[in-house]
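Architecture and fold: a report
Now for the letters of each chain:
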Amino acid sequence: MKFTILGSGGAIRIPKACCTCDVCTEARLEGFPYKRLGQSLYLHDEGVLFDTPEDINEELNDHKVMDVKHIVFSHWHPDHLLGCRIIESIMDGEENTREQLQVHMPEDGIDLNIEGNSIFSSYENLGYIDLIQSDDAIKINDLSIEKIKLSNGFAYAFLIEGNNKKVLYCPCHTKHLAVTEALLDVDLFITSKGYSVISDEENTNFERDTLPLIAKLKPKRTVITHIEETDKMSFDDYLMWEMHLEDIEFAFDGMTIEV
Ligand SMILES: [Zn+2]
Ligand SMILES: [Zn+2]
């Protein structure tokens with residue numbers, strides 16, 4: 001399986017508009033890999049896009065992704081959802097030549113309405129998408145994407161299996177991922193970082209929650225993403241940090257990972 005991290009940023013990406021801190025100034029000056037756009041992951045094998053942050057059109061172009069067949073939404077939070085107009089961008093004018101995008105949502109759906117109009121229903125009516133609301137595993141040829149509902153009751157992680165490899169992907173809210181037998185010893189764990197500077201009970205904290213979880217799950221390799229501007233750390237700081245962490249790397253936009 002081959003993945004590209006399309007966006008390694010968090011809810012507040014880097015550079016943050018109007019911010020003059022050192023991390024944002026550097027990112028504005030240097031671009032990638034100092035710059036981090038909204039959280040999204042692409043699985044090349046079957047053209048699967050996980051989540052659509054506001055920057056997704058730019059991300060797909062920057063990393064030369066030409067083939068999206070499936071969009072899988074992890075949860076409704078705006079940093080993962082509000083680029084869903086990418087559906088229009090991809091399908092506009094190609095309704096008769098391109099296959100409908102398969103849009104996979106949680107069983108309870110995602111109720112995105114403007115002035116009482118459901119955005120996803122309108123895409124269905126335009127013939128842009130085939131909307132699949134289910135918590136069942138997504139099967140695409142030899143690929144299986146099992147949905148794991150987190151203990152917060154609304155967000156999901158994914159166990160992706162193909163090619164005799166297992167990849168666990170937890171895009172957000174990692175502190176709510178319960179350890180089960182099936183999730184142990186995977187070949188690759190891609191997970192949201194959580195904050196370093198915020199340690200309230202509601203939010204995932206990297207040191208308190210994410211690192212101990214990785215120690216319990218014992219993946220062969222871990223890639224940390226959803227890296228927040230709030231932590232005020234630059235790409236170089238993360239490079240230094242990962243030298244002290246065994247089998248753990250910090251993602252950057254455009255990073256490709258093969259398992
Ligand atoms: Zn800043
Ligand atoms: Zn998030």
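Here, every reference points to the structure presented above.
Figured I'd write up the structure that's included with this text. Just so it is clear, the model here is predicted, and its values are computed rather than measured. (Residues numbered from 1 in each chain as written. Chains lettered and ligands numbered in written order. Predicted model: local features only at pLDDT ≥ 70, side-chain atom pairs only at ≥ 80, totals over all residues.)

This part covers the sheet that holds strand S11 (residues 156–162). Think of a sheet as strands paired side by side through backbone hydrogen bonds, with each pair either parallel or antiparallel. Read across the sheet, seven strands follow the order S9-S10-S11-S12-S13-S14-S15 without closing on themselves; strand pairing throughout is mixed. Single-partner strands in this sheet number two, and they are strand S9 (138–140) and strand S15 (248–250). Across the sheet, the axes of successive neighbouring strands diverge by a mean angle of 15 degrees, strand direction being ignored. Bridge count for strand S10 (residues 143–149) against S11 is six bridges, and the pairing is antiparallel. Looking at the pairing, Ser 144 lines up with Glu 161 of S11. (Pairing = 2+ DSSP bridges. Helix = DSSP H or I, 4+ residues; strand = E, 2+ residues; numbered from the N terminus. Axes fitted to C-alpha atoms, helices over the stretch in contact; angles between N-to-C directions.)

Once that is clear, we can look at the nonpolar core. By size, the foremost hydrophobic cluster in this structure holds 57 residues, and its most contacted members are Leu 41, Val 167, Leu 168 and Tyr 169. Not counting the four nearest positions on each side in its chain, Tyr 169 is found in contact with Leu 41, Phe 50, Ala 157, Phe 158, Ile 160 and Ile 190. (Core = buried A, V, L, I, M, F, W, Y, C linked by C-beta atoms within 7 Å. Buried ≥ 20, exposed ≤ 12 C-beta atoms within 10 Å, placed from the backbone. Contact = placed C-beta atoms within 7 Å.)

With that settled, the discussion passes to the pairing of strand S12 (residues 165–170). Two faces make up the sheet, and in a regular strand the side chains alternate between them. Burial runs high along S12: five of the six residues are buried. In terms of strand pairing, S11 meets S12 through five bridges, oriented antiparallel. Its bridge partner lying in S12, Glu 161 is registered against Lys 166. In this structure, the hairpin formed by S11 and S12 is closed by a connection of two residues, where Asn 163 is found at a positive phi of approximately 60 degrees. Where S12 lies against strand S13 (residues 188–192), four bridges are found, and the strand directions are parallel. Across the sheet, residue Val 167 finds its bridge partner in S13, namely Leu 188.

With that settled, consider helix H6 (residues 206–217). Restricting attention to buried positions, one finds in H6 the residues Phe 206, Thr 210 and Leu 213. All buried residues of H6 lie within an arc of 100 degrees about the axis, which places them on one face of the element. Exposed and oriented more than 90 degrees from the buried face of H6 are Glu 207, Pro 212, Ala 215 and Lys 216. Residues of H6 that are buried in the fold lie against S13. Trailing H6 by a residue or two, Lys 218 shows a phi angle of about 50 degrees, which is positive. (Arc of directions from axis to C-beta.)

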